[in-house]
Amino acid sequence: MTAPPASPPSPPSAAPVKRHHWIVRLTHWLTFVLLVGMITSGLQIYGAYARFGERNGPFYAPNPFQDHGFPTWSRLGGWLAGGLNWHFTLMWPLTLGGLLYLSYLAASGEWRSLLFRPRDIPGAIEMQKYYLRLRKDHPAQGKHNPLQKAAYTFIIFLGVLSVLSGFAIYKPTQLSWLTALFGGFQAARYWHFWAVWIFTGFLVVHVLLVFIVDPASLRAMITGWYRGRFPSHD
């Protein structure tokens, strides 16, 4: 009785490669924790006057949350002064962490793998087809696919907008020129508020795609080492 043919050996798993510098990992998780605190304390502050516009004056629109409070579990601070204290305390490490991250991108040259450029437009269209199930195979990509580059580039600009509009609200007299650039205190408050919801939407989509598309990237953001199906370079 002849023995069955031996099955072909399994291909060796790819060796882990270094993907994320410790500064990237530190600022990533620091931003996540601080941003959650900023959002929840911001909702507590918003609840003190849940509308946009001067009292007895015209209101800014659209605002589907006007005059509606948020659940207690989603607010940090307990009352207006508590929310303000948390918000003003967390904004400094959040801003410093963002500056550290941007400084690292500039010094290391890693900004090149994150910045969305016109040449990425065709690849972004193909990635969108894949996510919409109009294309079966995943387009080739490097460390980041074109849609990720577009999202990360946008979120950096959104972060700058949030910081500037936040300072325009925080110091409307001392930084009157900045507040005026946003169209006044109420307009700055309006844009600052909507930036929160864009950040929230980004966080939800970001986490979902990590688990659906490339779970190995989560481990890489913790340890710095990546072993998955995408290259660690562009």
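Residues numbered from 1 in each chain as written. Predicted model: local features only at pLDDT ≥ 70, side-chain atom pairs only at ≥ 80, totals over all residues. Heavy atoms only, no water.

Undergrad: Is there a simple way to explain the overall build of the protein chain in this structure?
TA: Broken down by element type, the protein chain carries seven helices and two strands. Taken from N to C terminus, the helices and strands of the protein chain fall in the order β-α-α-α-α-α-α-α-β. Here the protein chain has a C-alpha radius of gyration of 22 Å; the compact-globule value for 234 residues is 17 Å, and the former is much larger. Taking the principal axes of its C-alpha atoms as reference, the protein chain extends roughly 95 × 40 × 35 Å. In the protein chain, the proportion of contacts linking residues at least 24 apart, taken out of those at least 6 apart, comes to 66%. Total accessible area computed for the protein chain in this model is approximately 14,500 Å², and 70% of it derives from carbon and sulfur atoms. Taking the 20 positively charged and 8 negatively charged side chains of the protein chain as two groups, their mean positions are separated by 5 Å. (Helix = DSSP H or I, 4+ residues; strand = E, 2+ residues; numbered from the N terminus. Rg over C-alpha atoms; globule rule 2.2 N^0.38 Å. Contact = heavy atoms within 4.5 Å. Areas by Shrake-Rupley, 256 points an atom, 1.4 Å probe, with all protein chains shown as cover. Lys, Arg positive; Asp, Glu negative; His and termini not counted. Charge placed at Lys NZ, Arg CZ, Asp CG, Glu CD.)

Undergrad: Would you mind going over helix α2 (residues 80-108) with me for this structure?
TA: Note on helix geometry: an α-helix contains 3.6 residues per turn, so any two residues three or four positions apart are oriented the same way. Between its first and last C-alpha, α2 extends 42 Å over 29 residues, near the 42 Å set by a 1.5 Å rise per residue. At Met 91, α2 shows its strongest bend, of approximately 25°, with the proline Pro 93 following within four residues. Buried within α2 we find Gly 82, Gly 83, His 87, Leu 90, Met 91, Leu 94, Thr 95, Gly 97, Tyr 104 and Leu 105. Lining the buried residues of α2 we find α1 (22-46), α4 (146-170) and α6 (185-213). (Expected span 1.5 Å × (residues − 1). Bend = angle between axes of the 7 residues up to and from the residue. Buried < 20%, exposed > 50% of the residue type's maximum accessible area, 1.4 Å probe, protein only.)

Undergrad: Sorry, what's going on with α4 here?
TA: Its 25 residues give α4 an end-to-end C-alpha distance of 36 Å, which sits within 8% of 36 Å, the value for a rise of 1.5 Å per residue. Three or more residues of α4 are buried, namely Pro 146, Lys 149, Tyr 152, Thr 153, Ile 155, Leu 158, Ser 162, Ser 165, Gly 166, Phe 167 and Ala 168. The inward-facing, buried residues of α4 abut α2, α3 (121-131), α5 (176-181) and α6. At the N-terminal end of α4, a side-chain oxygen is found 2.9 Å from the backbone nitrogen of Leu 147, two or three residues along, and the residue is Asn 145. (Polar contact = N/O pair within 3.5 Å; in protein donor to acceptor, adjacent residues only side chain to side chain.)

Undergrad: When you look at the packing of α1 against α6 in this model, what are you seeing that I'm missing?
TA: Relative orientation and spacing of two packed helices are given, respectively, by the angle between their axes and the distance between those axes. Interhelical geometry of α1 versus α6 gives an angle of 135° and a closest axis separation of 11 Å. Put simply, α1 runs oblique to α6. The crossing of α1 and α6 is left-handed. Contacts between α1 and α6 pair His 28, Phe 32, Leu 35, Ile 39, Leu 43 and Tyr 46 from the former with Arg 189, Phe 193, Val 196, Trp 197, Phe 199, Thr 200, Leu 203 and His 206 from the latter. For the contact of α1 with α6, the residue count by class is 10 nonpolar, three polar and one charged. (Axes fitted to C-alpha atoms, helices over the stretch in contact; angles between N-to-C directions. Parallel < 35°, antiparallel > 145°, perpendicular 65-115°, else oblique. Left-handed = near helix turned anticlockwise from the far one by under 90°. Nonpolar A, V, L, I, M, F, W, Y, C, P; charged D, E, K, R; others polar.)

Undergrad: Even after reading the chapter, I still don't get the pattern of salt bridges, so can you show me in this structure?
TA: Oppositely charged side chains can pair when the atoms bearing their charge come close. Scanning the model with the defined rule gives five salt bridges in all. Here Lys 149 makes a salt bridge to Asp 120, at a shortest N to O gap of 3.6 Å. Taken as a pair, Lys 149 in helix α4 and Asp 120 in the loop between α2 and α3 lie far apart in primary sequence, 29 residues in all. Each member of the pair, Lys 149 as well as Asp 120, carries the same accessibility label: buried. The shortest N-O distance in the salt bridge between Arg 135 and Asp 137 comes to 3.2 Å. (Salt bridge = Lys/Arg side-chain N within 4 Å of Asp/Glu carboxyl O.)

Undergrad: Would you explain the side chain of Gln 186 in this entry?
TA: Among the secondary structure elements, Gln 186 is positioned in helix α6. When residues no more than four places from it in sequence are discounted, the contact partners of Gln 186 are Phe 52, Gly 53, Glu 54 and Tyr 60.

Undergrad: Before we go on, may I ask you to explain the side chain of Arg 25 in this structure?
TA: Its place among the elements puts Arg 25 in helix α1. The buried charged residue Arg 25 lacks any salt bridge, with Glu 110 as its nearest oppositely charged partner at 10 Å. A distance of 2.9 Å separates a polar side-chain atom of Arg 25 from the backbone oxygen of His 20. If near-sequence neighbours (up to four positions away) are discounted, Arg 25 is found in contact with Lys 18, His 20, Ala 220, Met 221, Ile 222, Thr 223 and Gly 224.

Undergrad: What's the story with the environment of Gly 78 in this structure? I'm lost.
TA: Residue placement: Gly 78 occurs in the loop between α1 and α2. Judged by its relative accessible area of 65%, Gly 78 is exposed. For the pair formed by Gly 78 and Ile 45, sequence separation is 33 residues and the distance between their alpha carbons is 9.7 Å.

Undergrad: Would you mind showing me how to read the confidence of the model for the protein chain here?
TA: The predicted coordinates should not be examined in detail at positions where pLDDT is low. Residue-level pLDDT values for the protein chain average 87, and 93% of them are 70 or greater. Model confidence for the protein chain, summarised as mean pLDDT per element, is weakest for strand β1 (residues 17-18) at 88 and strongest for α5 at 95. Here residues 1-13 scores under 50 on pLDDT; set against residues more than four positions off or in separate chains, the count is one contact. (pLDDT = per-residue confidence, 0-100.)

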